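Now for the letters of each chain:
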Amino acid sequence: MVTQALHTLRDALPSGVRLVAVSKFHPVERLMEAYNAGQRLFGENRPQELAAKAPQMPSDVEWHFIGHLQTNKLKLVLPYVTMVQSVDSFHLLEAINNWCTANSKCIDILLELHLGAEETKTGFTEEEILSIAGEAKEVYEGVPAPLTGVRIRGLMGMATNTDDMSVVEADFARIEALFNKIKALGIPGFDQLSIGMSGDWPLAVRHGATMVRIGTDIFGPREY
Ligand SMILES: *Cc1c(COP(=O)(O)O)cnc(C)c1O
């Protein structure tokens, strides 16, 4: 089932779009089904779960962290991941940078834009993201770097949780516009837009997604 779902998704996704298999709540045996079907990029959203699963999976798996991350959990996550997609505060950005600097590592990150109406959602405002991007641009232009442990690779967003696709589309259009605006600044390596999940990824692809994060359509429903 996992194998068939992956083949279907891969056939449907344009070649420039990477598929993040969101494996949270599923046991390693299910992840291995995906691995054996050729999947190498996995996303997890809970630090303990990632730290438990990663050592059990083959070493050529690439892990992305996609959930809310508290700074006291960095040491569970950062040794395993190539990217944190869900950087949602200055405090976290700085803490990741400090951990990486102390551990001679450099990690790719995405800045999470607060999308949708939900008060509970995390993420930066557009203004905050533009201010970070402005600083990043100066750094790349030779101003001494405060952030050497992270590479800002793009933006991540989760659309409003609704069946109304016009609302979801408006969210995607908003993040796409911000992404294009920052891309035009010419920050090297700023080229990733992570939007789209099981219910809405075709719409995300039409709005410029370079990564989609899909769980349910691959692994089936999660048991909480
Ligand atoms: C769980 C999760 C997904 C995947 O959701 P599905 O609806 O199962 O595809 C994508 N992004 C984030 C941030 C998630 O937490």
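What you see is a predicted model, and the numbers here were worked out from it, not measured in a lab.

Rules of the game
- Residues numbered from 1 in each chain as written.
- Predicted model: local features only at pLDDT ≥ 70, side-chain atom pairs only at ≥ 80, totals over all residues.
- Heavy atoms only, no water.
- Buried < 20%, exposed > 50% of the residue type's maximum accessible area, 1.4 Å probe, protein only.
- Helix = DSSP H or I, 4+ residues; strand = E, 2+ residues; numbered from the N terminus.
- Arc of directions from axis to C-beta.
- Contact = heavy atoms within 4.5 Å.
- Near = heavy atom within 4 Å.
- Polar contact = N/O pair within 3.5 Å; in protein donor to acceptor, adjacent residues only side chain to side chain.
- Areas by Shrake-Rupley, 256 points an atom, 1.4 Å probe, with all protein chains shown as cover.
- 1 Å grid on protein atoms, 1.4 Å probe; cavity = no way out; pocket = protein on both sides within 12 Å on 5 of 7 lines; lining within 4 Å.
- Sits in = over half its atoms within 2 Å of the grid points.
- Nonpolar A, V, L, I, M, F, W, Y, C, P; charged D, E, K, R; others polar.
- Pairing = 2+ DSSP bridges.
- Right-handed = clockwise from strand over helix to strand, strands pointing away.
- Axes fitted to C-alpha atoms, helices over the stretch in contact; angles between N-to-C directions.
- Parallel < 35°, antiparallel > 145°, perpendicular 65-115°, else oblique.
- Left-handed = near helix turned anticlockwise from the far one by under 90°.

1. Describing helix α2 (residues 28-36)
Counting along an α-helix, one turn takes 3.6 residues, and residues three or four places apart therefore face a common direction. The set of residues buried in α2 consists of Val28, Leu31, Ala34 and Tyr35. When α2 is viewed along its axis, its buried side chains cluster within an angular range of 110° and face the same direction. What points out from α2, more than 90 degrees from its buried face, is the exposed set Glu29 and Asn36. If you follow the buried residues of α2, they end up packed against α1 (2-12), β2 (41-44), α3 (47-53), β3 (62-65) and α9 (216-219). Following α2 by one or two positions, Gly38 has its phi on the positive side, about 100°.

2. Focus: the site of the ligand
Lys24, Ser198, Gly215, Thr216 and Arg222 are the nearest of the 13 residues found near the ligand. In this structure, Ser198 approaches the ligand through a side-chain N or O atom, which is 2.5 Å from an oxygen atom. A total of 390 Å² of accessible area belongs to the ligand in isolation, and the protein chains cover 91% of it. Under a 2 Å grid-point criterion requiring more than half of the atoms, the pocket assigned to the ligand is the largest pocket. Residues belonging to the shell around the ligand are distributed by class as follows: 6 nonpolar, 4 polar and 3 charged.

3. Considering the environment of Leu6
As for its position among the elements, Leu6 is in helix α1. Sequence-wise, Leu6 and Glu169 are 163 residues apart; in three dimensions their C-alpha atoms are separated by 25 Å. When neighbours within four sequence positions are excluded, Leu6 is seen to be in contact with Leu19, Ala34, Ala37, Gln39 and Ile218.

4. Digging into the pairing of β2
The side chains of a regular strand alternate, residue by residue, between the two faces of the sheet. Covered by surrounding structure in β2 are Leu41 and Gly43 together with Phe42 and Glu44, the residues of both alternating faces. In the sheet, strand β1 (residues 18-22) pairs with β2 via 2 bridges, with the strands oriented parallel. The partner of Val22 across the bridge, within β2, is Gly43. For the handedness criterion, the β-α-β arrangement of β1, α2 and β2 is classed as right-handed. What joins β2 to β3 is α3, and the crossover it makes is right-handed.

5. Things to note about unusual backbone geometry
In this structure, Phe25 is a non-glycine residue whose phi angle is positive, near 70°. With respect to the helices, strands and loops of the structure, Phe25 is situated in the loop between β1 and α2. For Phe25, a relative accessible area of 25% corresponds to the partly exposed category. One non-glycine residue, Ser104, adopts positive backbone phi at about 50°. Relative to the helices and strands, Ser104 resides in the loop between α5 (90-102) and β5 (107-112).

6. Quick look at the packing of α1 against α2
At their nearest, the axes of α1 and α2 sit 8 Å apart, and the two run at 45° to each other. Compared by their axis directions, α1 and α2 come out oblique. In terms of crossing hand, the pair formed by α1 and α2 is right-handed. Counting all contacts with α1, which are made through Val2, Thr3 and Leu6, the residues of α2 involved are Arg30, Glu33 and Ala34. Taken together, the residues that form the contact of α1 with α2 break down as 3 nonpolar, 1 polar and 2 charged.

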